[in-house]
Structure formats: structure tokens, C-alpha cells
Amino acid sequence: ICWPPLLAGVGAGITITILGYITYESFLSGTDYGLWLIASFGSTVVVVFGYPKNEFAQPKNIFFGHLLTSFVGIIFVTFFEISFISIGLAVGIATMLMIALKVTHPPAGGNPIVVMIGGVSFPFLIFPIMVGAVAIIIGGIIYNSLILKRKYPITWK
């Protein structure tokens with residue numbers, strides 16, 4: 001039996017390597033379809049590969065947590081001037097909504113900051129947010145369920 005931290009590190013590393021390859025080296029890089037990687041995905045793979053039974057590691061939480069918090073950031077960057085106050089409000093509102101809607105994914109809490117500092121717009125919700133989140137979920141299923149024979153996801157609800 002292998003050491004669980006090593007297994008988590010391998011799964012996380014492979015998944016981020018694939019997303020990085022698509023973003024920087026594939027035929028998609030440099031296109032509207034080439035951005036598949038954001039910083040918070042590094043934290044997401046820690047949760048998915050290190051703690052796959054955790055509520056925050058489940059597909060619903062990953063997908064909707066990232067989507068919701070990024071959407072909040074885009075709303076703020078679109079309609080408000082970026083300041084320490086607006087960034088704080090965006091993170092607070094995104095956190096409140098994730099908890100209220102039962103889609104909490106702690107790594108996604110940083111997305112409003114990334115979105116606002118980066119000044120991104122609505123297409124960012126597709127590439128990298130939705131596509132990258134789905135890729136991580138698929139990677140988590142392949143690695144946890146098929147390779148390690150662990151039950152993942154625990155729930156789709």
C-alpha cells in the first residue's frame with residue numbers, strides 16, 4: 001500500500017500538469033479556448049485528491065463553488081470600481097452565497113480576487129472556470145474511482 005500523501009500529490013500534480021499543458025502548450029493555447037488553469041485550481045486538487053470524501057471535494061461543490069464565486073467577481077468588476085472595499089465585499093458575498101446555496105468549496109473563495117484583479121469578463125466563466133472545474137472532476141473520478149478504487153464522488157447532490 002502506498003503512502004496516501006504521495007498518492008494525493010501524484011493525482012494533484014498530474015491533473016494540474018494536464019490543465020497547464022492545455023493552457024500553455026496545446027493547439028488551444030493562445031486561443032479563446034486555451035485558458036484552463038487558474039490559481040485556485042491548485043487548492044481544488046488538494047481537496048479532491050487529498051480528501052475525496054470531504055463534502056467540499058464533491059463535484060457539485062467544485063463546479064458551482066467556482067462558477068458562483070467567479071460570477072460574483074465578474075459582477076463586481078463590471079459594475080463597481082475595484083478597491084479594497086469592493087474586493088472584500090465580493091469575497092464576503094461569494095462566501096455567503098456558497099454557504100447559503102450549499103455549494104461551499106473553500107478554494108473558490110479566492111476567485112473574486114483573481115477575477116477582479118485580472119479584470120476578466122463573462123467568457124472567463126466558461127474558460128477556465130467551467131471547463132477547468134469539469135476537467136478536475138473527471139480527473140478526480142478517474143484517479144480516485146478507477147485507479148485507486150475509492151468511492152468518488154461520494155454524492156452528486
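Residues numbered from 1 in each chain as written. Predicted model: local features only at pLDDT ≥ 70, side-chain atom pairs only at ≥ 80, totals over all residues. Heavy atoms only, no water.

(A) Fine view of the overall build of the chain. Of regular secondary structure, the chain possesses six helices and zero strands. Each helix (α) and strand (β) of the chain, taken in turn from the N terminus, gives the series α-α-α-α-α-α. The C-alpha radius of gyration computed for the chain amounts to 16 Å, which stays within 12% of the reference 15 Å derived for 157 residues, consistent with globular compactness. Reported as C-alpha extents along the three principal axes, the dimensions of the chain are approximately 55 × 40 × 25 Å. Taking the intrachain contacts of the chain between residues at least 6 apart in sequence as the baseline, contacts between residues at least 24 apart amount to 73%. Put simply, the chain shows about 8,400 Å² of open surface, and 74% of that area lies on carbon and sulfur atoms. In the chain, the 7 positive side-chain charges and the 4 negative ones have mean positions that sit 27 Å from each other. (Helix = DSSP H or I, 4+ residues; strand = E, 2+ residues; numbered from the N terminus. Rg over C-alpha atoms; globule rule 2.2 N^0.38 Å. Contact = heavy atoms within 4.5 Å. Areas by Shrake-Rupley, 256 points an atom, 1.4 Å probe, with all protein chains shown as cover. Lys, Arg positive; Asp, Glu negative; His and termini not counted. Charge placed at Lys NZ, Arg CZ, Asp CG, Glu CD.)

(B) How the structure looks around a nonpolar patch on the surface. A cluster of nonpolar side chains, W3, L6, V10, I14 and I18, forms an exposed patch at the surface whose accessible area comes to about 500 Å². Within the secondary structure, I14 is located in helix α1 (residues 4-24). (Patch = residues over 30% accessible without salt bridge, like charges linked within 9 Å, V, L, I, M, F, W, Y side chains within 5 Å. Salt bridge = Lys/Arg side-chain N within 4 Å of Asp/Glu carboxyl O.)

(C) Up close: the packing of aromatic side chains. Applying the stated rule across the entire model yields six aromatic pairs. Aromatic pair Y33 and F127: ring centres 5.4 Å apart, planes at 75°, arrangement edge-to-face. Note that Y33 is positioned in the loop between α1 and α2 (40-50) and F127 in helix α6 (residues 126-147), a separation of 94 residues in sequence. Relative to F80, the ring of F76 lies with its centre 5.0 Å away and its plane at 35°, an arrangement referred to as tilted. Three or more aromatic residues joined by ring pairs form one cluster here, namely Y33, W36 and F127. (Phe/Tyr/Trp six-rings, centres within 6.5 Å; stacked < 30°, edge-to-face > 60°.)

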